[in-house]
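Listed below, chain by chain, are the residues.
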Amino acid sequence: MVRRWKPPSMKTLEAIYEAERREACAGGYHKFGGWKTDDEGRSYWDCLHGCGHRHRRDPVTEQETLAESTCKLYQREQEIAEERARRENKE
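Below is a short write-up of the structure. (Residues numbered from 1 in each chain as written. Predicted model: local features only at pLDDT ≥ 70, side-chain atom pairs only at ≥ 80, totals over all residues. Heavy atoms only, no water.)

1. So, the sheet that holds strand β3 (residues 54-56)
Here is step 1: As summarised here, the arrangement of the three strands in space is β1-β2-β3, forming an open sheet in which the pairing is antiparallel. Only two strands of the sheet have a single partner each, and these edge strands are β1 (36-37) and β3.
Here is step 2: Strand direction decides the pairing type here: strand β2 (residues 43-46) and β3, joined by three bridges, are antiparallel. Within β3, the residue paired with W45 across the bridge is H55. (Pairing = 2+ DSSP bridges. Helix = DSSP H or I, 4+ residues; strand = E, 2+ residues; numbered from the N terminus.)

See below:
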């Protein structure tokens, strides 16, 4: 008797997607959720995957700097800023 293929249940799919989100956040790939401003007037955004990562463009404390050291988006922002600075220095 041949078994018919059944699509995975929503519970199974949710577990798969949750594992993928955890893996992405662990690798430094957080999901952008739009810039916000805190009470001090500093810009930030929280990861929409719910991992607790708060991205700051200008990390001040040691904890913020440590959090940004593994964030791929922060590293890319820094690369773009360095590239812009090099172009401006050439002109």
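2. A look at helix α1 (residues 10-26)
Here is step 1: Between the first and last C-alpha of α1 there are 24 Å, a value that for 17 residues agrees with the 24 Å anticipated at 1.5 Å per step.
Here is step 2: Positive phi shows up at G28, right after α1, with a value of about 95°. (Expected span 1.5 Å × (residues − 1).)

3. Details of the side chain of R42
Here is step 1: Relative to the elements of secondary structure, R42 occurs in the loop between β1 and β2.
Here is step 2: On the basis of relative accessibility, which here comes to 14%, the residue R42 falls in the buried class.
Here is step 3: At a separation of 2.9 Å, a polar atom in the side chain of R42 contacts the main-chain carbonyl oxygen of D58.
Here is step 4: For R42, the contacting residues outside a window of four places in its chain are K36, T37, R56, D58, P59, V60 and E64. (Buried < 20%, exposed > 50% of the residue type's maximum accessible area, 1.4 Å probe, protein only. Polar contact = N/O pair within 3.5 Å; in protein donor to acceptor, adjacent residues only side chain to side chain. Contact = heavy atoms within 4.5 Å.)

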